[in-house]
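# Fold and geometry: a report
Residue-level listing of the chains:
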Amino acid sequence: MAGQSYVRTGSMIRSDGFDVVTVAVVLEGRFHGETAATSFRGTAGSVLIGDMSLPFDQSFTNARVISLSFHRGTVEKLVPRIGTLHGLVLSGRDAQPLLHQVLQDLEQFSSLDDAAGTTIGERLTATFLSCLGQSELCTLSEDAARRRLKMEICWILEQRYREADLDIEKIATLAGVSRATLYRAFGGSTGIAAALHTLRLRKAAAALEDPQDRRLISEIAYSVGIPRSDTFNKVFRAAYDCSPREWRHRAVSNAARQD
């Protein structure tokens, strides 16, 4: 498609009743758009997650896209608060498993019988869920409502930490609660900010330890939602008492000694 725009409004949602989770695998071109909570954009190799029960507008330019639709009931059994992923863009290493799976199955799509279609559908669903990963769950106690909200916020942070503009306002909008409610769940604004900060640094540290991850340190910083290299170096040293480069070097040295 040379260029295509689509706006899904509340009246459309009420009239057509089309209520599925869509995953657009972008093979070529670029796209951008907005939901009520966030704006999004991406290029070839990205995966865009959409919730057809929620409004949005989007535009694709010079794009070749494979759109997958997942039955909401199937996904909701495995993914809490699927609506919070509306407008989420996965790219790079995060999108690679699903992109690879779609390209592998692409030639079969036009000639599938029901049995083969079911098998491929189950495989694509599993690959999609693996791209989302696992969130850290909080244990429920007597304050069940607050604990459950915290669990759901942890899920949102786990999926959205890559977005540099993720802030309190955006998290509250995604969760459908007020900022005051959000603060209560985390014991104040500093609690949720610290949770996001810690998550980003933990993801960065894991990437630096991975011998297969050959990205520049600046690329890793950007991928976890910290676009400024100087800021990343400063906060990483404060958390781990060494620079990102030193952390990576230690990991390489430890792996060499074990071999």
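In this text, all values refer to a predicted model and were calculated from it rather than measured experimentally. (Residues numbered from 1 in each chain as written. Predicted model: local features only at pLDDT ≥ 70, side-chain atom pairs only at ≥ 80, totals over all residues. Heavy atoms only, no water.)

### Description of the environment of Asp230
Tracing the backbone through its elements, the reader meets Asp230 in helix H10 (residues 229–240). Within polar-contact distance, the side chain of Asp230 engages the side chain of Arg228 at 2.7 Å. (Helix = DSSP H or I, 4+ residues; strand = E, 2+ residues; numbered from the N terminus. Polar contact = N/O pair within 3.5 Å; in protein donor to acceptor, adjacent residues only side chain to side chain.)

### Section: the pairing of strand S2 (residues 20–35)
The sheet contact formed by S2 and strand S5 (residues 56–71) spans 14 bridges and is antiparallel. Opposite Val25, over in S5, you have Ile66 as the bridge partner. Strand direction decides the pairing type here: S2 and strand S3 (residues 39–43), joined by 5 bridges, are antiparallel. Residue Phe31 lies in a different strand from S3, and its bridge partner there is Gly42. Joining the antiparallel neighbours S2 and S3 is a turn of 3 residues. (Pairing = 2+ DSSP bridges.)

### So, the packing of helix H6 (residues 168–175) against helix H7 (residues 179–186)
To characterise two packed helices, one gives the angle between the axes of the helices and the distance between these axes. Packing of H6 against H7 brings their axes to within 9 Å, and their N-to-C directions diverge by 95°. By the criterion of interaxial angle, the relationship of H6 to H7 is roughly perpendicular. Contact with H6, carried on its side by Ile168, Glu169, Ile171 and Ala172, involves Arg179, Leu182 and Tyr183 of H7 and no other residues of that element. Considering only residue class, the contact of H6 with H7 consists of 5 nonpolar, no polar and 2 charged. (Axes fitted to C-alpha atoms, helices over the stretch in contact; angles between N-to-C directions. Parallel < 35°, antiparallel > 145°, perpendicular 65-115°, else oblique. Contact = heavy atoms within 4.5 Å. Nonpolar A, V, L, I, M, F, W, Y, C, P; charged D, E, K, R; others polar.)

### Side note on the packing of aromatic side chains
Within this structure, the stated rule accounts for 7 aromatic pairs. Pairing Phe236 with Trp247 gives two aromatic rings, centres 5.8 Å apart and planes at 80°, and the pair type is edge-to-face. With Phe236 in helix H10 and Trp247 in helix H11 (residues 244–258), this pair connects stretches of sequence that are 11 residues apart. A relative accessible area of 0% means that Phe236 is categorised as buried. (Phe/Tyr/Trp six-rings, centres within 6.5 Å; stacked < 30°, edge-to-face > 60°. Buried < 20%, exposed > 50% of the residue type's maximum accessible area, 1.4 Å probe, protein only.)

### So, unusual backbone geometry
Unusually for a residue other than glycine, Asn62 sits at a positive phi of about 50°. Note that Asn62 resides in strand S5. Although it is not a glycine, Asp241 adopts a positive phi angle of roughly 60°. Its place among the elements puts Asp241 in the loop between H10 and H11. The exposed category is assigned to Asp241, whose relative accessible area is 66%.

### Considering the layout of surface pockets
The volume enclosed by the largest pocket comes to roughly 990 Å³. Taken together, 35 residues form the lining of the largest pocket, with Ser91, Asp94, Arg162, Tyr222 and Ser223 sitting closest to its centre. At the level of elements, S2, S3, strand S6 (89–90), helix H8 (189–209) and helix H9 (217–223) are the ones that each hand at least two residues to the lining of the largest pocket. With 5 residues, S3 is the largest single contributor of residues to the lining of the largest pocket. Tallied by class, the residues present in the lining of the largest pocket amount to 11 nonpolar, 12 polar and 12 charged. Estimates place the volume of the second largest pocket at around 340 Å³. Elements with a contribution of two residues or more to the lining of the second largest pocket: strand S1 (3–8), S2, strand S4 (47–51) and S5. The dominant element in the lining of the second largest pocket, judged by the number of residues it contributes, is S5, at 5 residues. Considering only residue class, the lining of the second largest pocket consists of 11 nonpolar, 8 polar and 1 charged. (1 Å grid on protein atoms, 1.4 Å probe; cavity = no way out; pocket = protein on both sides within 12 Å on 5 of 7 lines; lining within 4 Å. Points joined across faces, edges and corners; volume = space filled by probe spheres on them.)

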